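Okay, here's what each chain looks like letter by letter:
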Amino acid sequence: MPSLADARASNAAFSPPYTPVAVFVGGTSGVGEAMAKALTSYLGGNLHLFIIGSNSAAAEKTFASLPRPSGVKREFEIKRRVDEMNFLVLSAGYFRVTGRDETEERLDGLLVMRYYCRFTFIRELLPLLHAAKERREDVRVMTVLGTGMTDVSVLEGALKPVVYNDVMIEKYANQNPGIGFVHIYPGVVYTPAANDLYESWGPLRLLAPPVWFKFWLYGIQPEECAEYMLSALLDRVKEEGWSRRNEHGDDIGTRCYNISEEDKRGVWEHSVEETSV
(Lines give C-alpha, C1' and ligand atoms only; values in the text may rest on other atoms or scores of the structure.)
Protein backbone atom coordinates (compact mmCIF):
# COMPACT_ATOMS: atom_id res chain seq x y z
CA MET A 1 0.00 0.00 0.00
CA PRO A 2 1.60 3.28 -1.08
CA SER A 3 1.65 6.14 1.38
CA LEU A 4 0.12 9.50 0.56
CA ALA A 5 3.65 10.86 0.15
CA ASP A 6 4.44 8.07 -2.33
CA ALA A 7 1.33 8.84 -4.35
CA ARG A 8 2.17 12.54 -4.47
CA ALA A 9 5.77 11.83 -5.49
CA SER A 10 4.58 9.52 -8.27
CA ASN A 11 2.14 12.12 -9.54
CA ALA A 12 4.74 14.87 -9.44
CA ALA A 13 7.04 12.74 -11.58
CA PHE A 14 4.54 12.67 -14.44
CA SER A 15 5.94 15.05 -17.05
CA PRO A 16 4.92 14.05 -20.57
CA PRO A 17 6.60 15.64 -23.63
CA TYR A 18 3.16 16.53 -25.02
CA THR A 19 0.13 18.45 -23.79
CA PRO A 20 -2.34 15.86 -22.49
CA VAL A 21 -6.06 16.03 -23.17
CA ALA A 22 -8.11 15.01 -20.13
CA VAL A 23 -11.87 14.70 -19.75
CA PHE A 24 -13.52 14.49 -16.32
CA VAL A 25 -17.16 13.42 -16.36
CA GLY A 26 -18.49 14.42 -12.96
CA GLY A 27 -15.68 16.89 -12.43
CA THR A 28 -17.68 19.70 -10.87
CA SER A 29 -17.42 18.41 -7.29
CA GLY A 30 -16.00 15.71 -5.05
CA VAL A 31 -13.29 13.33 -6.19
CA GLY A 32 -13.62 14.19 -9.89
CA GLU A 33 -13.08 17.90 -9.26
CA ALA A 34 -10.16 17.21 -6.92
CA MET A 35 -8.50 14.96 -9.52
CA ALA A 36 -8.90 17.59 -12.25
CA LYS A 37 -7.35 20.24 -10.01
CA ALA A 38 -4.48 18.00 -8.94
CA LEU A 39 -3.58 16.91 -12.47
CA THR A 40 -3.63 20.51 -13.71
CA SER A 41 -1.47 21.60 -10.80
CA TYR A 42 1.15 18.88 -11.33
CA LEU A 43 1.37 19.77 -15.01
CA GLY A 44 1.62 23.49 -14.31
CA GLY A 45 -1.45 24.16 -16.41
CA ASN A 46 -0.01 22.36 -19.44
CA LEU A 47 -3.23 20.44 -19.97
CA HIS A 48 -6.23 20.62 -22.28
CA LEU A 49 -8.97 20.02 -19.75
CA PHE A 50 -12.67 19.28 -20.22
CA ILE A 51 -15.03 19.16 -17.25
CA ILE A 52 -18.46 17.67 -17.82
CA GLY A 53 -21.19 18.02 -15.23
CA SER A 54 -24.68 19.35 -14.57
CA ASN A 55 -23.50 22.46 -12.70
CA SER A 56 -21.90 24.94 -15.10
CA ALA A 57 -21.38 27.51 -12.34
CA ALA A 58 -19.38 24.97 -10.32
CA ALA A 59 -17.33 24.12 -13.42
CA GLU A 60 -16.58 27.80 -14.03
CA LYS A 61 -15.46 28.13 -10.40
CA THR A 62 -13.16 25.13 -10.81
CA PHE A 63 -11.61 26.52 -13.98
CA ALA A 64 -11.11 29.89 -12.33
CA SER A 65 -8.99 28.22 -9.63
CA LEU A 66 -6.64 26.50 -12.10
CA PRO A 67 -3.27 27.81 -13.30
CA ARG A 68 -4.47 28.45 -16.84
CA PRO A 69 -8.27 28.47 -16.97
CA SER A 70 -9.67 28.14 -20.47
CA GLY A 71 -13.42 28.03 -19.95
CA VAL A 72 -15.97 25.27 -19.83
CA LYS A 73 -16.11 22.84 -22.76
CA ARG A 74 -19.38 21.00 -23.19
CA GLU A 75 -19.50 17.34 -24.07
CA PHE A 76 -20.76 17.76 -27.60
CA GLU A 77 -17.82 20.04 -28.42
CA ILE A 78 -15.06 17.61 -27.51
CA LYS A 79 -14.74 15.86 -30.86
CA ARG A 80 -14.72 19.21 -32.68
CA ARG A 81 -12.09 20.80 -30.45
CA VAL A 82 -9.52 18.03 -30.12
CA ASP A 83 -8.38 15.14 -32.31
CA GLU A 84 -7.12 12.90 -29.51
CA MET A 85 -7.68 12.14 -25.82
CA ASN A 86 -5.28 10.80 -23.22
CA PHE A 87 -7.35 10.48 -20.06
CA LEU A 88 -11.05 9.88 -19.52
CA VAL A 89 -12.21 9.86 -15.88
CA LEU A 90 -15.80 8.92 -15.06
CA SER A 91 -17.06 9.69 -11.56
CA ALA A 92 -20.55 11.16 -12.04
CA GLY A 93 -23.27 9.72 -9.86
CA TYR A 94 -25.54 10.24 -6.89
CA PHE A 95 -26.77 8.46 -3.77
CA ARG A 96 -30.22 6.90 -3.53
CA VAL A 97 -31.78 5.42 -0.42
CA THR A 98 -35.38 5.14 -1.59
CA GLY A 99 -36.96 2.91 -4.24
CA ARG A 100 -36.26 2.69 -7.96
CA ASP A 101 -36.03 6.09 -9.67
CA GLU A 102 -36.92 5.58 -13.33
CA THR A 103 -36.04 7.78 -16.30
CA GLU A 104 -38.40 8.53 -19.20
CA GLU A 105 -36.96 5.45 -20.92
CA ARG A 106 -37.98 3.38 -17.85
CA LEU A 107 -34.36 2.77 -16.91
CA ASP A 108 -33.09 2.82 -13.33
CA GLY A 109 -31.81 6.37 -12.79
CA LEU A 110 -29.01 5.20 -10.49
CA LEU A 111 -27.83 2.68 -13.06
CA VAL A 112 -27.97 5.33 -15.78
CA MET A 113 -25.65 7.67 -13.88
CA ARG A 114 -23.30 5.03 -12.55
CA TYR A 115 -23.13 2.80 -15.59
CA TYR A 116 -25.01 3.47 -18.84
CA CYS A 117 -23.62 7.02 -19.15
CA ARG A 118 -20.10 5.76 -18.50
CA PHE A 119 -20.49 2.95 -21.02
CA THR A 120 -21.67 5.45 -23.64
CA PHE A 121 -18.97 8.03 -22.98
CA ILE A 122 -16.28 5.40 -23.47
CA ARG A 123 -17.82 4.04 -26.65
CA GLU A 124 -18.29 7.47 -28.23
CA LEU A 125 -14.82 8.74 -27.30
CA LEU A 126 -12.85 5.63 -28.27
CA PRO A 127 -11.70 7.13 -31.60
CA LEU A 128 -9.98 9.97 -29.73
CA LEU A 129 -8.35 7.53 -27.31
CA HIS A 130 -7.06 5.42 -30.19
CA ALA A 131 -5.67 8.55 -31.86
CA ALA A 132 -3.52 9.24 -28.78
CA LYS A 133 -2.44 5.60 -28.67
CA GLU A 134 -1.28 5.80 -32.30
CA ARG A 135 0.95 8.70 -31.28
CA ARG A 136 2.43 6.50 -28.52
CA GLU A 137 1.10 8.72 -25.75
CA ASP A 138 -0.41 7.75 -22.40
CA VAL A 139 -3.99 6.57 -22.82
CA ARG A 140 -6.22 5.47 -19.94
CA VAL A 141 -9.85 5.32 -18.90
CA MET A 142 -10.87 5.31 -15.23
CA THR A 143 -14.29 4.69 -13.72
CA VAL A 144 -14.55 5.64 -10.03
CA LEU A 145 -17.16 3.60 -8.18
CA GLY A 146 -16.81 0.59 -5.90
CA THR A 147 -14.86 -2.36 -7.23
CA GLY A 148 -13.78 -4.94 -4.67
CA MET A 149 -16.06 -3.54 -1.95
CA THR A 150 -17.62 -6.92 -1.27
CA ASP A 151 -18.01 -10.37 -2.75
CA VAL A 152 -20.55 -9.67 -5.47
CA SER A 153 -21.70 -12.60 -7.59
CA VAL A 154 -25.21 -11.53 -8.55
CA LEU A 155 -26.43 -9.00 -11.08
CA GLU A 156 -29.29 -7.57 -9.03
CA GLY A 157 -29.62 -5.10 -6.19
CA ALA A 158 -27.83 -1.92 -5.20
CA LEU A 159 -24.40 -3.25 -6.16
CA LYS A 160 -25.41 -3.99 -9.75
CA PRO A 161 -23.56 -0.89 -11.10
CA VAL A 162 -20.36 -2.14 -9.42
CA VAL A 163 -20.54 -5.48 -11.22
CA TYR A 164 -21.47 -3.82 -14.50
CA ASN A 165 -18.47 -1.47 -14.29
CA ASP A 166 -16.13 -4.42 -13.71
CA VAL A 167 -17.50 -6.22 -16.76
CA MET A 168 -17.36 -3.00 -18.78
CA ILE A 169 -13.65 -2.34 -18.27
CA GLU A 170 -12.73 -5.97 -18.92
CA LYS A 171 -14.67 -6.10 -22.19
CA TYR A 172 -13.51 -2.71 -23.42
CA ALA A 173 -9.89 -3.59 -22.62
CA ASN A 174 -10.12 -6.88 -24.49
CA GLN A 175 -11.54 -5.09 -27.52
CA ASN A 176 -9.09 -2.19 -27.42
CA PRO A 177 -5.53 -3.41 -26.82
CA GLY A 178 -3.06 -0.70 -25.95
CA ILE A 179 -5.54 1.33 -23.88
CA GLY A 180 -5.64 0.99 -20.09
CA PHE A 181 -8.99 0.63 -18.33
CA VAL A 182 -9.29 1.02 -14.54
CA HIS A 183 -12.18 0.55 -12.12
CA ILE A 184 -11.27 2.01 -8.74
CA TYR A 185 -12.90 2.29 -5.33
CA PRO A 186 -12.38 5.76 -3.77
CA GLY A 187 -13.03 4.66 -0.19
CA VAL A 188 -14.94 6.75 2.36
CA VAL A 189 -14.68 10.35 1.19
CA TYR A 190 -16.17 13.58 2.53
CA THR A 191 -18.00 14.74 -0.61
CA PRO A 192 -20.91 17.13 -1.25
CA ALA A 193 -22.98 14.16 -2.42
CA ALA A 194 -22.63 12.45 0.96
CA ASN A 195 -23.58 15.64 2.77
CA ASP A 196 -26.59 16.19 0.47
CA LEU A 197 -27.78 12.67 1.25
CA TYR A 198 -27.69 13.39 4.96
CA GLU A 199 -29.52 16.71 4.54
CA SER A 200 -32.24 15.37 2.24
CA TRP A 201 -33.18 12.03 3.80
CA GLY A 202 -34.77 12.33 7.22
CA PRO A 203 -34.23 8.76 8.51
CA LEU A 204 -30.51 9.09 7.99
CA ARG A 205 -30.40 11.87 10.55
CA LEU A 206 -31.50 9.38 13.19
CA LEU A 207 -28.43 7.34 12.27
CA ALA A 208 -26.20 10.39 12.14
CA PRO A 209 -23.98 9.62 15.15
CA PRO A 210 -22.80 6.15 13.99
CA VAL A 211 -22.70 7.18 10.32
CA TRP A 212 -20.62 10.27 10.90
CA PHE A 213 -18.43 8.43 13.40
CA LYS A 214 -17.50 6.07 10.56
CA PHE A 215 -16.73 9.05 8.34
CA TRP A 216 -14.62 10.56 11.11
CA LEU A 217 -12.80 7.27 11.66
CA TYR A 218 -12.19 6.23 8.05
CA GLY A 219 -13.06 9.21 5.86
CA ILE A 220 -10.63 11.37 3.96
CA GLN A 221 -10.95 14.64 2.07
CA PRO A 222 -11.45 14.60 -1.72
CA GLU A 223 -8.02 16.17 -2.21
CA GLU A 224 -6.29 13.30 -0.43
CA CYS A 225 -8.36 10.68 -2.24
CA ALA A 226 -7.53 12.36 -5.56
CA GLU A 227 -3.82 11.76 -5.04
CA TYR A 228 -4.35 7.99 -4.84
CA MET A 229 -6.81 8.01 -7.76
CA LEU A 230 -4.41 10.03 -9.86
CA SER A 231 -1.45 7.77 -9.11
CA ALA A 232 -3.50 4.81 -10.39
CA LEU A 233 -4.54 6.75 -13.49
CA LEU A 234 -0.94 7.68 -14.32
CA ASP A 235 0.50 4.26 -13.46
CA ARG A 236 2.93 3.36 -16.24
CA VAL A 237 3.69 -0.06 -14.81
CA LYS A 238 0.32 -1.25 -16.10
CA GLU A 239 -0.28 0.93 -19.13
CA GLU A 240 -2.80 -1.26 -20.91
CA GLY A 241 -5.31 -4.00 -20.25
CA TRP A 242 -7.73 -3.74 -17.35
CA SER A 243 -7.24 -3.48 -13.62
CA ARG A 244 -9.34 -3.16 -10.49
CA ARG A 245 -7.94 -0.92 -7.76
CA ASN A 246 -8.62 -0.21 -4.09
CA GLU A 247 -8.73 3.17 -2.40
CA HIS A 248 -4.93 3.38 -2.31
CA GLY A 249 -4.48 2.54 -5.97
CA ASP A 250 -3.32 -1.05 -5.39
CA ASP A 251 -4.23 -3.59 -8.06
CA ILE A 252 -6.58 -6.12 -6.41
CA GLY A 253 -6.76 -8.47 -9.40
CA THR A 254 -10.01 -10.42 -9.64
CA ARG A 255 -10.79 -10.39 -5.92
CA CYS A 256 -14.58 -10.40 -5.33
CA TYR A 257 -15.17 -10.68 -9.09
CA ASN A 258 -17.08 -13.93 -9.40
CA ILE A 259 -19.08 -13.44 -12.58
CA SER A 260 -19.50 -16.25 -15.08
CA GLU A 261 -18.55 -15.75 -18.73
CA GLU A 262 -22.19 -16.25 -19.64
CA ASP A 263 -23.25 -13.43 -17.30
CA LYS A 264 -20.50 -11.19 -18.68
CA ARG A 265 -21.80 -11.72 -22.20
CA GLY A 266 -25.30 -10.98 -20.96
CA VAL A 267 -24.22 -7.71 -19.33
CA TRP A 268 -22.38 -6.61 -22.47
CA GLU A 269 -25.23 -7.43 -24.85
CA HIS A 270 -27.71 -5.71 -22.55
CA SER A 271 -25.48 -2.63 -22.34
CA VAL A 272 -25.11 -2.34 -26.10
CA GLU A 273 -28.86 -2.69 -26.56
CA GLU A 274 -29.83 -0.16 -23.89
CA THR A 275 -27.34 2.49 -25.05
CA SER A 276 -27.97 2.18 -28.78
CA VAL A 277 -29.68 5.15 -30.39
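Our subject is the structure that appears above.
Values in this document were obtained by computation on a predicted structure and should not be read as measured data.

**Student:** Sorry if this is basic, but what is going on with the side chain of Glu137 here?
**Tutor:** With respect to the secondary-structure elements, Glu137 resides in the loop between helix H5 (109-134) and strand S4 (140-144). This buried residue, Glu137, is left without a salt bridge; Arg135 holds the nearest opposite charge, at 5.1 Å. Each residue touching Glu137, except ones within four places of it in the same chain, is listed here: Tyr18, Glu84, Asn86 and Ala132.

**Student:** I'm lost on the sheet that holds S4 in this one. Help?
**Tutor:** Remark on secondary structure: sheet strands pair via backbone hydrogen bonds, oriented parallel or antiparallel. Spatially, S2-S1-S3-S4-S5-S6 is the arrangement adopted by the 6 strands of the open sheet, whose pairing is parallel. At either margin of the open sheet sits one strand with a lone partner, and together these are strand S2 (48-52) and strand S6 (241-245). With strand direction ignored, the average angle separating the axes of adjacent strands in the sheet is 10 degrees. One ladder, built from 4 bridges, connects strand S1 (residues 21-25) with strand S3 (residues 87-90); its direction is parallel. Bridging across to S3, Val25 finds its partner in Leu90.

**Student:** It is not clear to me how helix H11 (residues 261-275) should be interpreted in this structure. Could you clarify?
**Tutor:** Along an α-helix, a turn takes 3.6 residues, which lines up residues three or four apart on a common side. With 15 residues, H11 extends 21 Å from end C-alpha to end C-alpha; this agrees with the ideal 21 Å at 1.5 Å per step. Buried within H11 we find Lys264, Val267, Trp268, Ser271 and Thr275. The arc that holds every buried residue of H11, seen down its axis, measures 95 degrees, which confines them to one face. H11 presents Glu262, Glu269 and Glu273 as exposed residues on the side facing more than 90 degrees away from its buried surface.

So, how was this worked out
Residues numbered from 1 in each chain as written. Predicted model: local features only at pLDDT ≥ 70, side-chain atom pairs only at ≥ 80, totals over all residues. Heavy atoms only, no water. Helix = DSSP H or I, 4+ residues; strand = E, 2+ residues; numbered from the N terminus. Buried < 20%, exposed > 50% of the residue type's maximum accessible area, 1.4 Å probe, protein only. Lys, Arg positive; Asp, Glu negative; His and termini not counted. Salt bridge = Lys/Arg side-chain N within 4 Å of Asp/Glu carboxyl O. Contact = heavy atoms within 4.5 Å. Pairing = 2+ DSSP bridges. Axes fitted to C-alpha atoms, helices over the stretch in contact; angles between N-to-C directions. Expected span 1.5 Å × (residues − 1). Arc of directions from axis to C-beta.

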